[in-house]
Amino acid sequence: TQGALGCPSSGCIQGDFAERGCSSQSNGCYGGQCCWSSLEDAKAGCGPWVECAAFWGPSGGKFYARGPGHTGPLNGYGNVHGYIKVSVAPSPPVSWTMTTQGALGCSSSGCIQGDFAERGCSSQSNGCYGGQCCWSSLEDAKA
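These numbers come from a predicted model, not from an experiment.

A.B. asks: Can you tell me about the state of the cysteines, naming the residues and giving the values?
C.D. replies: Across all of its chains, the model carries four disulfides by this definition. The residue that forms a disulfide with Cys29 is Cys35, at a sulfur-sulfur distance of 1.9 Å. The sign of the -85° torsion about the S-S bond sets the Cys29-Cys35 disulfide as left-handed. With respect to burial, Cys29 and Cys35 carry one shared label: buried. Two residues, Cys46 and Cys52, share a disulfide whose sulfurs are 2.1 Å apart. Of note, the bridge from Cys46 to Cys52 carries an S-S torsion of about -100° and is left-handed in sense. In this structure Cys46 comes out as buried when scored by relative accessible area, which is 3%.

A.B. asks: Before we move on, can you summarise the sheet that holds strand E6 (residues 62–66) with the specific residues and values?
C.D. replies: Taken in spatial order, the four strands of this open sheet run E4-E6-E5-E8, and their pairing is antiparallel. Both edges of this open sheet fall to strand E4 (35–36) and strand E8 (81–84), since each of them pairs with a single strand only. Relative to E6, strand E5 (residues 54–59) runs antiparallel, the two being bridged by four bridges. If you follow Trp56 over to E6, its bridge partner there is Tyr64. Its contacts with the sheet place helix H1 (residues 39–46) against E4, E5, E6 and E8, and it is angled at close to 165° to E5.

A.B. asks: A description of the packing of aromatic side chains should follow, citing residues and the corresponding values.
C.D. replies: If you walk through the whole model with that rule in mind, you get seven aromatic pairs. Between the aromatic rings of Phe55 and Phe63, the centroid separation amounts to 6.3 Å while the plane-to-plane angle is 75°, which identifies the pairing as edge-to-face. For the pair formed by Phe55 and Phe63, the shared burial category is buried. Aromatic ring contacts, followed pair by pair, group Phe17, Trp36, Trp49, Phe55, Phe63 and Tyr83 into a single cluster.

What counts and what doesn't
The residue numbers shown here count from 1 along each chain, following its written sequence. Local features in this predicted model are restricted to residues whose pLDDT is 70 or higher, and side-chain atom pairs enter the listing and the counts only when it is 80 or higher, whereas totals over whole chains, interfaces and linings include all residues. The basis for every side-chain value is the complete set of non-hydrogen atoms in the structure, without hydrogens or water. Our working definition of a disulfide is a cysteine sulfur pair at a distance within 2.5 Å. Relative accessible area decides the class of each residue, using a 1.4 Å probe on protein chains only: under 20% of the type maximum gives buried, over 50% gives exposed, and in between gives partly exposed. If DSSP finds at least two bridges between two strands, the strands pair. What counts as a helix is a DSSP run of H or I of at least four residues, what counts as a strand is a run of E of at least two, and both are numbered from the N terminus. Any pair of residues with heavy atoms lying within 4.5 Å of one another is described as a contacting pair. Under this scheme, a helix contributes an axis fitted over its contacting stretch, all axes are lines through C-alpha atoms, and angles between N-to-C directions fall in the 0 to 180 degree range. Note on aromatic contacts: the rings of Phe and Tyr and the six-membered ring of Trp form a pair at centre separations within 6.5 Å, being stacked when their planes are under 30 degrees apart, edge-to-face when over 60 apart, and tilted otherwise.

And the structure:
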């Protein structure tokens, strides 16, 4: 996503999370927020962390963590990008809740296209629009 991501109504992720490589003090993060000093560190730190739903940057060379319910994209922060987590493989399995009405657009890197038989997703056999990966039923998509 082009633009910054705002904090959710519950507030920004603040503090030091050494196990995630995220330190507001040693990384020099604005306002005590959790941030990383590189895109690679942000991906590695946020990826498996359930409380981290996204991050954005670079702002002053920093990538800032965002929790579920983040807002954006926000303009006025220069040439920055928001990185929104697509999936996590938690244990136990993911539970789903519908929170939006309407279609979701593709990420800035594009739509997921092709056949992923191991996930039950087939652009050809399911008749998906524009070669996108899709399922034939809600139950199949959730599985």
